[in-house]
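Observations on the three-dimensional arrangement
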Amino acid sequence: MKVNSAEQALEILQDNDVIWCQSMAATPYKLLEGLKNVAVSRQNLTLLQLHTEYSEPLNDPALKGHLRQRAFFVGASTRKAVNDGLADYVPIFLSEIPKLFRSGEQPLNAAIIQVSPPDKHGNCSLGISVEATRAALQVAEKVIAWVNPKMPRTHGDALVPLSRFDRYFVEEAELPLHQQPPQNETTKKIGEQVASLIDDGDCLQMGIGAIPDATLGCLGNHKDLGIHTEMFSDGVLPLVESGVINNSRKRKHRGRIVTTFAMGSQRLYDFVDDNQEVFFLDVEYTNDTSVIRQNKQVMSINSALQVDLSGQVCADSIGTKIYSGVGGQMDFVRGASLSEGGRSVIALPSTACGGTVSRISSLLAPGAGVVTTRAHVHYIVTEHGIANLRARSMTERARALIDIAAPQFREQLAREAYNDWGLTV
């Protein structure tokens, strides 16, 4: 049923409803604006989500008892609310979220989404973010949609018929943009180090940010690279245009970029619009290690907040303060390691807080979340070099990590390796 506004569309929500919100750059933020107003007349609504854009209005303490956010991944819009106790964080592998819905372990009363206008067959598209939303649409009792003419039509698992919507409204508005971050000497050096590990024919997984972009910027002389990833951004576009990324050696979806969401500039959104060379697929599939491993030479490139001298990787919190989420890091670290010729990289600057804190530490901060275990870690990369930790002893790991730490912290780390771990490096 077509209605005139977000608030009218949301009127079908009832007390105690559990609602899934499509996320990333496809966040239906017009519906979230309406949800704040509707929620005050409801009790005990729960909003499930990944990283959302423009969702700050839902952090209002006045919504206590009416609506509570439950985030499987924390972003800028929800970080303060989570750490202030106004919202909840659920650590989980991204690949597992659709399973929660499909199995019924996580009941869903409703889903709110943002889609493209229908084609001549009455089918809309989830556009630039399929992630767990496809699974949510399969089980949700009620589906509420914002039809936005600005949303690209994408291929793969993005199709959803207009008839699936219980209520929808049409409004044209801009999509959230994520501009490429500026490069500095540190990120350029890290990008060069990571690029030195990439071979012709590799199938890449990488995220968003200065380090992935710096890495991609060093790959202009490579050949026959492929993409099977959780997400991608603008950094891949020059390599696609030059033919460096052609997906010709992939075993799964040869000739196509495989992803589950995209976030970047309008140029990126224009690139994926009606582009059959890009498949947006269910995250239960894209992040399934049994799928990832079928491609040869999978190269997984992810980031971290802190790494200890045993190789434990903290990627979702700064001590006890939640910063992001588990996401798909371990899905791809493990998938890459099972791939024929596959490798995984964790790349991070060696310091934080203006060079006053070493991000390679003897011990993780109390409460730090281990996302990639020391048994799974392979390469750790900073601007100072590459540490290969696969099949290395504790002493060898500590020595290799100290060698790529910032020089001003190496002597201290060597002392702490002995005092904390009994290791002589």
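Keep in mind the model is a prediction, meaning the values are calculated, not measured.

Parameters at a glance
Residues numbered from 1 in each chain as written. Predicted model: local features only at pLDDT ≥ 70, side-chain atom pairs only at ≥ 80, totals over all residues. Heavy atoms only, no water. Pairing = 2+ DSSP bridges. Helix = DSSP H or I, 4+ residues; strand = E, 2+ residues; numbered from the N terminus. Contact = heavy atoms within 4.5 Å. Axes fitted to C-alpha atoms, helices over the stretch in contact; angles between N-to-C directions. Phe/Tyr/Trp six-rings, centres within 6.5 Å; stacked < 30°, edge-to-face > 60°. Buried < 20%, exposed > 50% of the residue type's maximum accessible area, 1.4 Å probe, protein only. Lys NZ or Arg CZ within 6 Å of the ring centre and 35° of its normal. 1 Å grid on protein atoms, 1.4 Å probe; cavity = no way out; pocket = protein on both sides within 12 Å on 5 of 7 lines; lining within 4 Å. Points joined across faces, edges and corners; volume = space filled by probe spheres on them. Nonpolar A, V, L, I, M, F, W, Y, C, P; charged D, E, K, R; others polar. Domains from an automatic or database assignment. Buried area = accessible area lost by both parts, 1.4 Å probe. Salt bridge = Lys/Arg side-chain N within 4 Å of Asp/Glu carboxyl O. Polar contact = N/O pair within 3.5 Å; in protein donor to acceptor, adjacent residues only side chain to side chain.

Turning to the sheet that holds strand β19 (residues 313-314), a few remarks are in order. Pairing in this open sheet of four strands is mixed, and the strands run β25-β18-β19-β26 from one edge to the other. Either end of the sheet is taken by a strand with one partner, and the two such strands are β25 (360-361) and β26 (370-372). Direction of pairing for strand β18 (residues 306-308) relative to β19: antiparallel, over a ladder of two bridges. Across the sheet, Val307 pairs through a bridge with Val313, a residue of β19. Here helix α12 (residues 329-338) sits on the sheet in contact with β19 and β26, set at roughly 35 degrees to β26.

All chains considered together, the criterion is met by six aromatic pairs. Judged by centre distance (5.3 Å) and plane angle (65 degrees), the ring pair of Trp20 and Phe101 falls under edge-to-face. Here Phe101 lies in helix α4 (residues 97-103) and Trp20 lies in strand β1 (residues 18-21), a separation of 81 residues in the sequence. For Trp20, a relative accessible area of 0% puts it in the buried group. Taking the ring centre of Tyr323 as reference, the NZ or CZ of Arg79 above it sits at 3.9 Å.

One can find Ser116 in the loop between β5 (110-115) and β6 (123-125). Discounting residues that sit within four places of it in the chain, Ser116 has contacts with Cys124, Ser125, Val147, Asn148, Met151, Pro152 and Arg153.

With that settled, consider the sheet that holds strand β2 (residues 45-49). Across a sheet, strands are paired by hydrogen bonds formed along the backbone, either parallel or antiparallel in direction. Pairing within the open sheet is parallel, and its seven strands lie in the order β4-β3-β2-β1-β5-β7-β10. Strands at the two margins of the open sheet, each flanked by one partner only, are β4 (87-89) and β10 (167-170). Each strand of the sheet is rotated relative to its neighbour by a mean of 20 degrees, with strand direction disregarded. Docked against the sheet, helix α2 (residues 29-39) engages β1, β2, β3 (67-71), β5, β7 (142-147) and β10, running at close to 125 degrees with respect to β7.

In the structure shown here, the tally under the stated rule is one cavity of 30 Å³ or more. Each pocket or cavity is described by its volume, and for the largest cavity that value is around 30 Å³. As for the largest cavity, its lining consists of Met206, Gly207, Asp213, Leu216, Phe232, Ser233, Asp234, Gly235 and Val236. Looking at the lining of the largest cavity, its residues break down into four nonpolar, three polar and two charged.

In this section: unusual backbone geometry. We note that Met24 has phi near 60 degrees; this positive angle belongs to a residue other than glycine. With relative accessibility at 5%, the residue Met24 sits in the buried group. Positive phi, close to 60 degrees, is recorded for Ala391, a residue that is not glycine. Mapped onto the fold, Ala391 is located in the loop between β28 (385-388) and α13 (394-403). For Ala391, a relative accessible area of 76% translates into the label exposed.

Before going further, it helps to spend a moment on the domain arrangement of the protein. By domain assignment, the protein separates into domain 1 (6-170) and domain 2 (185-421). Here domain 1 and domain 2 have C-alpha centroids that lie 28 Å from each other. At the interface, 33 residues of domain 1 touch 31 residues of domain 2. Buried surface at the junction of domain 1 and domain 2, summed over both partners, amounts to about 2700 Å²; 59% is from carbon and sulfur atoms. By the criterion of area lost to domain 2, the three top residues of domain 1 are Leu94, Ile128 and His155, representing 23% of everything that side buries. Taken together, domain 1 and domain 2 are joined by three salt bridges. Applying the counting rule to domain 1 against domain 2 returns 20 residue pairs in polar contact (both at pLDDT 80 or more). The set of elements that each furnish at least two residues to the side of domain 1 that touches domain 2 consists of α3 (79-83), α4, α5 (133-139) and β8 (155-156). Of the residues contributing to the side of domain 1 that touches domain 2, the split by class is 17 nonpolar, eight polar and eight charged.

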